[in-house]
Amino acid sequence: AMVVQRAATLYAAKVRRDPVADLFTGSRLDPYDRYEQLRAAEAGDPLPKSSLGLRYTTNHAFTQQILTSRAFGAVPGHDRDGWFDGDIDLSLLQLNPPDHTRLRRIVTPAFGRGRMIRYENRIRETVDRLLDAVPADEPWDLMSRFSASLPIAVIVDLLGIEDYDEPTFLRYGAAIGGALDGVRSPRHAAEMIRTQQDLRRIFEELFARRAKDPREDVISGLVAARDEHRIAPEDMVGLCALLLLAGFETTVNLIGNAVLCLLRNPQQWQALVADPALAAGAVEETLRYLSPVQLTSRFALERTELGGVTFEPGEAVIPFLAAANRDPKVFERPLEFDITRPNAAEHLAFSGGAHYCLGAPLARLEGRIALQALVQRFPTLHIAGPTERRRGMTLYGAKHLVVSA
Ligand code: HEM
C-alpha cells in the first residue's frame, strides 16, 4: 500500500508540473492560459512530448499538416475495434481511408451548402418558436432555453425523426459527448450502453419505415444509398447516431460562446445590433476565439517526419485546435475577440482534411440565424448572473448563461 501511495504521489506531482497532463486530469484553470504556456514551451521544441508520453502541438501550420497528411489517421492502423473506451461506435470519426471515404460519401450530399440554404427557413422557424417562449421581463438561461434546444430540433427535423423527447436526447448527447474525455465511471459506461441500445432501436425502426415509404429526409436518402453502396447495417446505426449527436454538444457551445463573447464586448454586440449582417463574421470569430471542440488526436500510420520530429507507426499526437486558432503567426492580436477580423475563417475549429466537420455548413447557418434573431429581438440583452464553464477538456462552453432583455 505504501508503494502504491508513493507512486500515486509521484504521479500527481508529475501531472502538476506537466500542463498537458494537467489539462487531461480536469484542471479548473482556464485551458486558454495553459495553451499559452504550451505555446511558449513549443517555441524552441516543436511538437514536444508531454510527460505522459504524448506529443502535442499548439502550432497552426503543424496542426493543419497533421490533419491533412495521409501519414496520420484518426485511429492507429485499420483495426477500429476496442481502441476507444467503452467500445462506443463513433462511426466516421474512428475510420481511416478508404473505409472512411466509402461511408462518408453516402452522407456528403445531404449536408452540402446548397442543401443548407434550402433549409434556412426551417431553422428560422425553430429559432422563432424557441425565442417566443423565453420570458420578456426576467432573467433566463440562454443555454437550456435556447442554445441546447436549437441543434436538437434542427437535426431531428433534418434526419426525419418524429416524436422525439428532448430531455432523453439531451441525455444521449451528454453521455456520448462526455465520453470524448474518456468514460469516467461505471455509471457513465452503463449510460452509454443504454444510449447505444436506444439509438439502435430508434434508427432500425426508422430505416424499416423509410425503406417502405421514402420521404424528403436524410434517413430516406441514406437508406437508398445503403442499398446502392452495400453499407453494412451496423455501420448505418453508428453513422446516424453520429449525425444526430455530433451537432448537439458542439453547436450549443458555438451559440453560447458567441453570446458570451459579444456581451463581454458590448461595442461588438452593438455593432451587430446595428448591422445583423455581421453575424457570419461573429460566428467565425467565435469558432476561432472560443472553439467548441478544443482538440483532437491523430496517429502516425507509417514512419513519418514533421517539424524535425520522427513519428514511429502508431505514435499519437494531440493537435490543440483551440490553441492553433490563437497562433500569433496566423492571427494578429490573437487574444482579442474581433468580429470584423478579416481572416477569422482560417481557424481549424472544424478540423481539416478527411474528417473536416461534415456539419460545418449547418452549424454556421444555425449560429448566424440564432445571433441575428437575438440581436433583433433583444438589442439590450445583457449577462444577468454568474457564468460557469463546463468541466471537461474536449468541449468548451458555459454550463449556464443567464441573460436578461
Ligand atoms: C467532425 C467540430 C457541428 C457532424 C467534426 C470534427 C470537429 C467538429 C472538430 C472533426 C474531429 C476530428 O478531426 O477528429 C464541430 C463544431 C460544430 C460541429 C465545432 C459546431 C459548432 C456539427 C453538426 C453536425 C456535425 C451540426 C451535424 C451533422 C459532424 C460529423 C463529423 C464531424 C458527421 C465526422 C466527420 C468525419 O469524421 O468524416 N466536427 N462540429 N458537426 N462533425 Fe462536427
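Note that the structure is predicted; figures quoted are calculated from it, not measured.

Quick one: what's the story with the site of the ligand, residue by residue and with numbers?
Taken together, 26 residues lie around the ligand, and A246, G247, S351, C357 and G359 are the ones closest in. Mapped onto the shell around the ligand, the elements with two or more residues apiece are α8 (149-159), α12 (233-246), α13 (248-264) and α17 (360-377).

Hey, could you go over helix α4 (residues 60-68) for me, with residue numbers and the actual values?
Inspection of α4 places H60, F62, T63, I66 and L67 among the buried residues, and these make up the whole buried set. Within α4, the buried residues cover an arc of 165° as seen down the axis, which keeps them to one side. Looking at the buried side of α4, the elements it contacts are β1 (55-57), β2 (72-73), β4 (298-300), β5 (304-306), β7 (316-319) and α16 (321-324).

Go over the environment of L23, please, and point to the residues and values.
Turning to its location among the elements, L23 is positioned in helix α2 (residues 19-24). Look at L23 and you get buried, because 22 C-beta atoms sit within 10 Å. Separated by 49 residues in the primary sequence, L23 and F72 place their C-alpha atoms 23 Å from one another.

Hey, could you go over the sheet that holds β7 for me, with residue numbers and the actual values?
Taken in spatial order, the four strands make up an open sheet running β1-β7-β4-β2, and their pairing is mixed. Edge positions in the open sheet fall to β1 and β2, since each of these has one partner strand only. In this structure, β4 lies alongside β7, joined through two bridges in antiparallel fashion. In the strand pairing of β7, R298 is matched with V317. In the packing of α4 onto the sheet, the strands contacted are β1, β2, β4 and β7, and the crossing angle to β7 comes to about 125°.

Account for the confidence of the model for the chain, with residues named and values stated.
Where the model shows low pLDDT, its predicted coordinates should not be examined in detail. Residues with a pLDDT of 70 or more make up 91% of the chain, whose mean pLDDT is 90. A low-confidence stretch, residues 81-86 stays under pLDDT 50, and its non-local contacts, those more than four residues away or across chains, total eleven contacts. Both confidence scores are given for the complex: pTM 0.93, ipTM 0.99.

Describe α12, and please don't skip the residues or the numbers.
Residue pairs three or four apart in sequence face the same way in an α-helix, which turns once every 3.6 residues. In this model α12 runs 20 Å from its N-terminal to its C-terminal C-alpha over 14 residues, within 8% of the 20 Å that 1.5 Å per residue would give. Along α12, the positions that sit buried rather than exposed are M236, V237, G238, L239, C240, A241, L242, L243, L244, L245 and A246. Buried residues in α12 make contact with α5 (99-107), α8, α9 (166-179), α10 (186-212), α11 (218-229) and α13.

Can you break down the packing of α13 against helix α15 (residues 279-289) residue by residue, with the values?
Look at α13 against α15: their axes get within 9 Å of each other, and the N-to-C directions meet at 100°. Judged by the angle between their axes, α13 and α15 are roughly perpendicular. Contact with α13, carried on its side by L254, N257, A258, C261 and L262, involves A282, V283, T286, L287 and Y289 of α15 and no other residues of that element. Split by residue class, the contact of α13 with α15 holds eight nonpolar, two polar and no charged.

Reading the values: the criteria
- Residues numbered from 1 in each chain as written.
- Predicted model: local features only at pLDDT ≥ 70, side-chain atom pairs only at ≥ 80, totals over all residues.
- Near = placed C-beta within 6 Å.
- Helix = DSSP H or I, 4+ residues; strand = E, 2+ residues; numbered from the N terminus.
- Buried ≥ 20, exposed ≤ 12 C-beta atoms within 10 Å, placed from the backbone.
- Arc of directions from axis to C-beta.
- Contact = placed C-beta atoms within 7 Å.
- Pairing = 2+ DSSP bridges.
- Axes fitted to C-alpha atoms, helices over the stretch in contact; angles between N-to-C directions.
- pLDDT = per-residue confidence, 0-100.
- Expected span 1.5 Å × (residues − 1).
- Parallel < 35°, antiparallel > 145°, perpendicular 65-115°, else oblique.
- Nonpolar A, V, L, I, M, F, W, Y, C, P; charged D, E, K, R; others polar.

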